[in-house]
Amino acid sequence: MDSGQAQTSELVAMIGACAAVQVRFALVRVDGAWQVLHGEVTMPVPTKPKSRTWQYAEEVFLERAFNGATVAALLRGEPQQIDDLKVTAEAASTTGNFQRVAGQADWRPARMPWPRTQWEITRSNSGSSRQGGLIVGDGPTFVSYEAAFCSFFYGAPPSNQAGHQPHWRVMRLDRRARLHRVTIAADAMTVEVKGDASEGVTAELSTPVSRDIRPVGRTGRLRLRLPHGLAESSLLVLRQGDDWLDYRYFHRPGMSSESDESVIWHQPGTELSLLLAGGEGQHVEFKQEVPSANASKKTVLKTIAAFASGEGGTLLFGVDDETNVVGVNAADLDGLMLAVGNMIRDNIEPEPPYQLRPAEVDDKTILVLEVRAGGRWYALNPLKPEFYVRRGASTPPARMHEIVAGFGGGHTAVQSLY
């Protein structure tokens, strides 16, 4: 299965069997010891492991390679001595959720080149938390714990992430094979593969009406013909028998986040010109301006949540309903981008995968918001979740049977959200 529940005991045994794992800790002082507020484990240890420590009066952020047995003991709730720190942890919950994730997927917590299986284990109770206030010590100075956490774990400004983290996150990288680079031209797709697997790896390009399977040879490079260009809903998959290793999904030509460095488009006429020529539809929405009123914000947020819950899509700010490029205020570009990001983070749970960037069209500046499919439901208004779907150019509320199917359970699973 690609997602589901797993026994924490099995995960602990897997970590304990590793000679070394890469770990990042957020520790807080509790009753004279240091308690794990958030632990992040990566297996196997990266080729170039990092080692750093930010120590403050009441918080410690620590990253380095550890013996697997030490980390497994902490997951079981057994105190451990790490350097001069006595580290404790609540015993992890008996079960956790897991998800298989493709390479370059921007899926909690960050984009990684290798595909991976990722487990998340929640804490058995509310645990300790940290509020605002400057933190000053051996690491950089920050305005709050939230700011320090986001900088240490994501290299990003504060974004309300610290309070939404599981107790433990465990990532097992799949180094058998990954899509290192996919170059798409008008008549062909060139695929470059990297990894440890040397036999039995194939590349499959499937569309609604065709299928092309090629073996990945010793060079790790192959070329797939596209007689009619890349079709909509194309799926490129690396396989080993019946098991997928990595994939990229192209629900329409030209739709790819700039931050996905593995996909390179060499197709004239794609990107913005294609979006504008096609008008609003299943995967495209135009907005004349970045909204400021609550009612206008909700209209935009419904579309973003529907894109993320479905097949993804692009929202263009600075284009009216008649496809006229009117532009946004270029002098306030940073403020507008910050407003869009805050609007998404404050109203959609979890935060959907997206890329926001400015672009120039007809000497006017527009904002391009590319929302990727997240493979799950994204709720608007987390306190009373609302779910939306995309149908053509409209965004109606999801029906109960669609929500049930999306969560893979019965009405009880859905009702628990309300």
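It should be noted that the structure appears before, not after, this text.
Residues numbered from 1 in each chain as written. Predicted model: local features only at pLDDT ≥ 70, side-chain atom pairs only at ≥ 80, totals over all residues. Heavy atoms only, no water.

Further remarks concern the nonpolar core. Counting 29 residues, the largest nonpolar core has I15, F25, L27, V41, V71, V87 and W168 as its most contacted members. Broken down by secondary-structure element, the contributors of at least two residues to this core are α1 (8-16), β2 (21-30), β3 (33-43), β5 (59-66), α2 (68-75), β7 (85-88), β11 (116-121) and β14 (168-173). When sequence neighbours within four positions are dropped, the list of residues in contact with L27 reads W34, Q35, V36, E58, E59, V60, L85 and V87. Membership of the second largest hydrophobic core comes to 25 residues, among which are F307, V328, L333 and L380. (Core = buried A, V, L, I, M, F, W, Y, C linked by side-chain atoms within 4.5 Å. Buried < 20%, exposed > 50% of the residue type's maximum accessible area, 1.4 Å probe, protein only. Helix = DSSP H or I, 4+ residues; strand = E, 2+ residues; numbered from the N terminus. Contact = heavy atoms within 4.5 Å.)

Bringing the pattern of salt bridges into the picture now. For the structure on display, the rule yields 24 salt bridges. Between E192 and R221 there is a salt bridge, and its shortest N-O distance comes to 3.4 Å. Pair noted here: E192 is in strand β16 (residues 188-194) and R221 is in strand β19 (residues 221-225), with a separation of 29 residues, a long-range link. Across the pair D242 and R239 runs a salt bridge, and its minimum N-O distance is 3.9 Å. (Salt bridge = Lys/Arg side-chain N within 4 Å of Asp/Glu carboxyl O.)

With that out of the way, let us pick up the sheet that holds strand β21 (residues 243-250). Reading across the sheet, the 4 strands line up as β18-β17-β20-β21 and stay open at both edges, with antiparallel pairing between neighbours. Only two strands of the sheet have a single neighbouring strand rather than two, namely β18 (210-215) and β21. For this sheet the average axis-to-axis angle between neighbouring strands, irrespective of direction, equals 15 degrees. Strand direction decides the pairing type here: strand β17 (residues 201-207) and β18, joined by 6 bridges, are antiparallel. (Pairing = 2+ DSSP bridges. Axes fitted to C-alpha atoms, helices over the stretch in contact; angles between N-to-C directions.)

A word on unusual backbone geometry. P44 follows M43 through a cis peptide bond whose omega is -15 degrees. With an omega of -10 degrees, the peptide bond between E349 and P350 qualifies as cis. Along the polypeptide, P350 turns up in the loop between β25 (348-349) and β26 (354-361). Located in the positive-phi region is T323, a residue other than glycine, with phi close to 70 degrees. Residue placement: T323 occurs in the loop between β24 (313-317) and α6 (333-347).

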